[in-house]
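# Secondary and tertiary structure notes
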Amino acid sequence: MTLLKEEKQEIIERFKMHESDTGSSAVQVAIMTSRINSLNEHLKSNKMDHHTRRGLVMLVGKRKRLLDYIKDNDLEGYRKLIKDLGLRK
């Protein structure tokens with residue numbers, strides 16, 4: 001359910017804004033999206049895992065707040081990020 005170091009590094013390389021960027025809002029949203037997708041897969045086979053479901057709901061809420069922040073500060077970046085991640089908004 002957790003991201004491997006290589007997967008996380010790939011995501012950072014793909015969404016970084018500058019050379020030493022590892023924690024910008026876009027990178028954080030991309031990492032959260034990857035974690036959300038893996039948790040969804042876990043919950044498909046483990047329907048009664050309510051602790052993980054709560055963690056998923058909290059993670060989705062955190063991603064939504066971060067996306068709202070990006071939308072308020074950089075609308076073009078927000079649209080590009082949504083398109084790249086395949087999120088619907």
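You'll find the structure just up there.
Described below are features of the structure shown in this document. (Residues numbered from 1 in each chain as written. Predicted model: local features only at pLDDT ≥ 70, side-chain atom pairs only at ≥ 80, totals over all residues. Heavy atoms only, no water.)

What follows covers the overall build of the chain. A count of helical and extended segments in the chain gives four helices and zero strands. The linear arrangement of helices and strands in the chain, starting from the amino end, is α-α-α-α. Projecting the C-alpha coordinates of the chain onto the three principal axes gives extents of approximately 40 × 30 × 20 Å. Here the chain, with 89 residues, has 33% of them falling under the buried criterion. (Helix = DSSP H or I, 4+ residues; strand = E, 2+ residues; numbered from the N terminus. Buried < 20%, exposed > 50% of the residue type's maximum accessible area, 1.4 Å probe, protein only.)

In this section: the pattern of salt bridges. Taken as a whole and assessed by the stated rule, the structure comprises six salt bridges. Among the charged side chains, a network of salt bridges with common partners joins Glu 13, Lys 16 and Glu 19. (Salt bridge = Lys/Arg side-chain N within 4 Å of Asp/Glu carboxyl O.)

Tracing the sequence through the fold places Glu 7 in helix H1 (residues 5-15). According to the relative accessible area criterion, Glu 7 is partly exposed, its value standing at 37%. Spatially, the C-alpha atom of Glu 7 lies 9.1 Å from that of Ser 34, the residues being 27 residues apart in sequence. Side-chain polar atoms of Glu 7 contact the backbone nitrogen of Leu 4, separated by 3.1 Å. (Polar contact = N/O pair within 3.5 Å; in protein donor to acceptor, adjacent residues only side chain to side chain.)

On to helix H4 (residues 75-85). Within H4, burial applies to Tyr 78, Leu 81, Ile 82 and Leu 85. Taken around the axis of H4, the buried residues stretch over an arc of 100°, which confines them to a single face. Opposite its buried face, H4 presents the exposed residues Glu 76, Lys 80 and Lys 83, each directed more than 90 degrees away. If you follow the buried residues of H4, they end up packed against H1, helix H2 (25-45) and helix H3 (50-73). The positive-phi residue at the C-terminal boundary of H4 is Gly 86, with phi of around 75°. (Arc of directions from axis to C-beta. Contact = heavy atoms within 4.5 Å.)

Interaxial distance between H3 and H4 falls to 5 Å at its minimum, and their mutual angle equals 135°. By the angle between their axes, H3 is oblique relative to H4. From H3, Leu 67, Ile 70, Lys 71 and Asn 73 reach across to H4, where they touch Leu 75, Tyr 78, Leu 81 and Ile 82. The residue inventory of the contact of H3 with H4, partitioned by class, reads six nonpolar, one polar and one charged. (Axes fitted to C-alpha atoms, helices over the stretch in contact; angles between N-to-C directions. Parallel < 35°, antiparallel > 145°, perpendicular 65-115°, else oblique. Nonpolar A, V, L, I, M, F, W, Y, C, P; charged D, E, K, R; others polar.)

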